[in-house]
Number of protein chains: 2
Amino acid sequence: MSNSNRITIKKDNEPIYDIVIAKDYSLLHEELKALNLTGRKVCIVTDSTVSGLHLSSLLEILKDYAKVVETFTFAAGEKSKTLSTVEKLYEKLILSKFDRNDMLFALGGGVVGDLTGYAAATYLRGISFVQIPTTLLACVDSSIGGKTGVDFNAYKNMVGAFHQPKLVYINLAHLYTLDDRQFVNGMGEVIKHGLIKDVEYYRELKDNRSLILKREPEALRKMVFRSCEIKQEVVEVDPTEKGVRALLNFGHTIGHSVERCMDFKLLHGECVSIGMAGSAYLSYQRGSLTMEEFKEIEEVISSYQLPVALPENCLSAEGILEAVFHDKKVDGDKIKFILLKEVGEAVMDSTVTGEEIRKAIDYIMKSKNK
Amino acid sequence: MSNSNRITIKKDNEPIYDIVIAKDYSLLHEELKALNLTGRKVCIVTDSTVSGLHLSSLLEILKDYAKVVETFTFAAGEKSKTLSTVEKLYEKLILSKFDRNDMLFALGGGVVGDLTGYAAATYLRGISFVQIPTTLLACVDSSIGGKTGVDFNAYKNMVGAFHQPKLVYINLAHLYTLDDRQFVNGMGEVIKHGLIKDVEYYRELKDNRSLILKREPEALRKMVFRSCEIKQEVVEVDPTEKGVRALLNFGHTIGHSVERCMDFKLLHGECVSIGMAGSAYLSYQRGSLTMEEFKEIEEVISSYQLPVALPENCLSAEGILEAVFHDKKVDGDKIKFILLKEVGEAVMDSTVTGEEIRKAIDYIMKSKNK
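Chains are numbered independently. Their residues run from 1 in the order of the written sequence. Throughout, the order in which chains and ligands are written sets their labels, letters from A for the former and numbers from 1 for the latter. Per-residue local features are limited, in this predicted model, to residues with pLDDT of at least 70; the limit for side-chain atom pairs, both in listing and counting, is 80 or more; totals at the level of whole chains, interfaces and linings are taken over all residues. Note: side-chain values were computed over all heavy atoms of the structure, leaving out hydrogens and water.

- If you look chain A up in an unreviewed UniProt entry, it shows as 3-dehydroquinate synthase from Anaerocolumna xylanovorans DSM 12503.
- Database annotation for chain A, UniProt heading Catalytic activity (unreviewed entry): "7-phospho-2-dehydro-3-deoxy-D-arabino-heptonate = 3-dehydroquinate + phosphate". UniProt positions are given in the numbering used here, feature names are shortened, and annotations may be inferred rather than shown by experiment.

Next up, the structure:
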């Protein structure tokens, strides 16, 4: 794995923005100089949890570079990820007379990043924004690739836009303020990266579990770097999810349905983990994974304290199946389902039947969490 | 002027969509085949005025090409151009299970086109849409160039996105259902095209006034074609308004302020006409236009039954000036004002002072409508 602290995201071979991975904010100064904030206004958007932890330090730094630094804080949680919160942000920007040259900074997890990016995509037909992800999930997944959006009537990310940030700055120190459940929430996507793209990385995650769970600095840095690289490789080839980017949805078709049926009581990474177990089961049923490979996937997920089965008696298979077919990743009437061709390689398959999905859901309902 | 009925909009020399100008819907069939709607759902979005006039004929045609044709009609008028209407449209699309391969058709004037385009830009992070403009203003201006958006708290187009249509189909027959005030509303932008880009076109508009006001078919077709060409030339060079596209804002800085101060009682083209008179006065004051050229501009605008002065006693110069400085076309603290360097050539100028704008506003307040 690389010792570099920078990944450059390109489009048509032209660099469009960098991901900088650092142990603190020391590298941010040079980045801010390059963004040329002189004479510009910026607004830090964050939530009620993160503001108490990290807002003041970012505020202090930005004050030296921008003409005006505003802040906008909303109540933490998925329930705030709505057009109504975005409208309050628009109001703030209008009252502060933000124009097309001004900039937003998203300081927080996936909800903050998605919502801020969407406001930046749609205020005055698009202004610039910077991602400063503070959760592992946001660092390795949602802050990269320009997907922005909000939920609408309990449909996740139904309203959104593709809008690339000017910079993703990952301050690894922020990951030490996460509690264990929030930290491993991000491990769902990390394990997914290994499963869909890199069997060697998957093995390392299996072997280095105790170092990673202890958040040993160098293990953490290497892991975040490699996951960002894998995400980069996929989104560069297919920035607007017309093809290969869909592979990142491994575990998500079932995962999103579980998330909605559980009314967001389970975290995203937990639902994706359950969804990955179901999709791995389906891949095993189809003969692309051996029983041993499938069982190992369940064990690796479980070893990170993530669920591979649904809480007992809390959901009906029918309800989840119905939600799958209401999910947006539907092409015509066919589901684009992501399967594992082998460990370390995912494929998109449009032939998966409702019956097969039903069996996978039955499996993760009957299966016991280890 | 060309006899062609098609203008192709390019980006980086690649064709991205066509504007087709036809006397009826006869050319639409081939276009729909090319869009390949087989197996797809479409939703025609229109307003309460247009639906009674033109919805059924479009509906009949689309039924032969798409799997499902839904319709969404909202109350006509600028007051409907809000996020609240967009949210009702999202609901309709969700309930009708529209996915990323489905498509919207905007059938109407600028409000319908801007709102539909914005919904298409943001539903599932962007779906395709087609513009079928039914007003002269929409044909020559708002349907071309990918600007989409809605108003927010009485700020015009404060929320929006750049999202290019798949096709702009202009059925000139629709222009005969406009009343005279609605028709000449579009002439404001048409005259602007001559003034900023093509002195010969401006002279033709002056000479052919009676044919155009009678909506003589060939005069109308040629005019719509040339105005679309001028709009194309500008937006192709600068799709996201970072530079030269700003020239299309000639008359709009003052025009938008008048529009807002008059609480939208005057039509857009009327406000732009008043704004053009003010901006032409400013260009004359700066010595780029002679008194004769300036007076001729006022006469040409007036000859099309458009105003060059404000209704008496209805507005304060202070109010309009303040609105100018609240307007979004502000770069830092400087106004990007569009002046005429000569008749047929506009320039962007950042040195125009508040005092100069104040004098121009005083002029259009004291001036009498001819």
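Some words on the overall build of chain A
Thinking step 1. By definition, any uninterrupted DSSP run of H or I lasting at least four residues is a helix, any uninterrupted run of E lasting at least two residues is a strand, and each is numbered from the N terminus. Counting its secondary structure elements, chain A contains 14 helices and 13 strands.
Thinking step 2. For 370 residues, the compact-globule estimate of 2.2 N^0.38 gives 21 Å, and chain A sits close to it at 20 Å.
Thinking step 3. Dimensions of chain A along its principal axes, counting C-alpha atoms only, are 60 × 40 × 40 Å.
Thinking step 4. A 1.4 Å probe rolled over the protein chains alone gives each residue an accessible area, and that area as a share of the maximum for its type sets the label: buried under 20%, exposed over 50%, partly exposed in between. Counting only residues that meet the buried cut, chain A has 60% of its 370 residues in that class.
Thinking step 5. Note on definitions: a residue-residue contact is assigned when non-hydrogen atoms from the two residues lie within 4.5 Å. Within chain A, counting contacts between residues at least 6 apart in sequence, those at least 24 apart form 76% of the total.
Thinking step 6. Here chain A displays about 14,100 Å² of accessible surface, and carbon together with sulfur accounts for 49% of that area.
Thinking step 7. Under the counting rule used here, the positive set is Lys and Arg, the negative set is Asp and Glu, and His together with the chain ends is not counted. Where a charge sits is defined by one atom per residue type, namely NZ (Lys), CZ (Arg), CG (Asp) or CD (Glu). Across chain A, the mean location of the 47 positive side-chain charges is 3 Å away from that of the 52 negative side-chain charges. Within these notes, the globule rule equals 2.2 Å times the number of residues to the 0.38 power, and the radius of gyration is based on C-alpha atoms. Computed with a 1.4 Å probe, the accessible areas rest on the Shrake-Rupley method; for each residue, only the protein chains presented here act as cover.

Side note on the side chain of Ser273(B)
Thinking step 1. Within the fold, Ser273(B) resides in helix H11 (residues 268-285).
Thinking step 2. Here Ser273(B) is in contact with Gly188(B), Ile301(B), Leu306(B) and Pro307(B), once residues within four sequence places are set aside.

Digging into the pattern of salt bridges
Thinking step 1. Each salt bridge in this description consists of a side-chain nitrogen of Lys or Arg and a carboxyl oxygen of Asp or Glu lying within 4 Å of one another. Per the stated rule, a full pass over the model turns up 56 salt bridges over all chains.
Thinking step 2. The salt bridge partner of Lys295(B) is Glu298(B), with a shortest N-O separation of 3.4 Å. In this pair, Lys295(B) and Glu298(B) both sit in helix H12 (residues 291-303), three residues apart, roughly one turn of the helix.
Thinking step 3. Classification of Lys295(B) as partly exposed rests on a relative accessible area of 30%.
Thinking step 4. On the accessibility criterion, Glu298(B) (1% relative accessible area) is buried.
Thinking step 5. Shared partners join several salt bridges into a network, and the residues in it are Asp198(A), Arg226(A), Glu229(A) and Glu233(A).

Some words on the interface of chain B and chain A
By a frequent convention, interface size equals the accessible area lost on bringing the separate parts together.
Thinking step 1. Counting from both sides, the interface comprises 35 residues of chain B and, opposite them, 35 residues of chain A.
Thinking step 2. Taken together, the two surfaces of chain B and chain A that pack against each other cover about 3,100 Å², and 53% of this comes from carbon and sulfur.
Thinking step 3. Three residues stand out in chain B for area buried against chain A, namely Ile94(B), Arg125(B) and Met158(B), and they jointly supply 23% of the buried area on that side.
Thinking step 4. There are two salt bridges connecting chain B and chain A.
Thinking step 5. Per-element tally for the side of chain B that touches chain A: the top contributor is strand S8 (residues 155-162) of chain B, with seven residues.
Thinking step 6. Lys, Arg, Asp and Glu make up the charged group, whereas Ala, Val, Leu, Ile, Met, Phe, Trp, Tyr, Cys and Pro make up the nonpolar group; the residues left over, Gly among them, are polar. When the residues that make up the side of chain B that touches chain A are grouped by side-chain class, the tally is 14 nonpolar, nine polar and twelve charged. By buried area we mean the combined loss of accessible area, with a 1.4 Å probe, across both parts when two parts are placed together.

A short note on the domain arrangement of chain A
Residues and elements named next belong to chain A.
Thinking step 1. Domain start and end points were adopted from an automatic or database domain assignment. Taken domain by domain, chain A consists of domain 1 (6-177) and domain 2 (180-366).
Thinking step 2. Here the C-alpha centroids of domain 1 and domain 2 sit 26 Å apart.
Thinking step 3. Each partner contributes to the roughly 2,700 Å² buried at the junction of domain 1 and domain 2, and carbon and sulfur atoms together form 67% of this total.
Thinking step 4. Scanning the region where domain 1 abuts domain 2 turns up three salt bridges.
Thinking step 5. Of the charged contacts in the structure, one is a salt bridge between Lys 156 and Glu 259, with a shortest N-O distance of 3.2 Å.
Thinking step 6. Pairing of N or O atoms within 3.5 Å defines a polar contact, subject to two protein rules: one partner must be a possible hydrogen donor and the other a possible acceptor, and residues neighboring in sequence count only if both atoms are side-chain atoms. For the pair domain 1 and domain 2, the interface holds nine residue pairs in polar contact (both at pLDDT 80 or more).
Thinking step 7. Split by residue class, the side of domain 1 that touches domain 2 holds 16 nonpolar, three polar and six charged.

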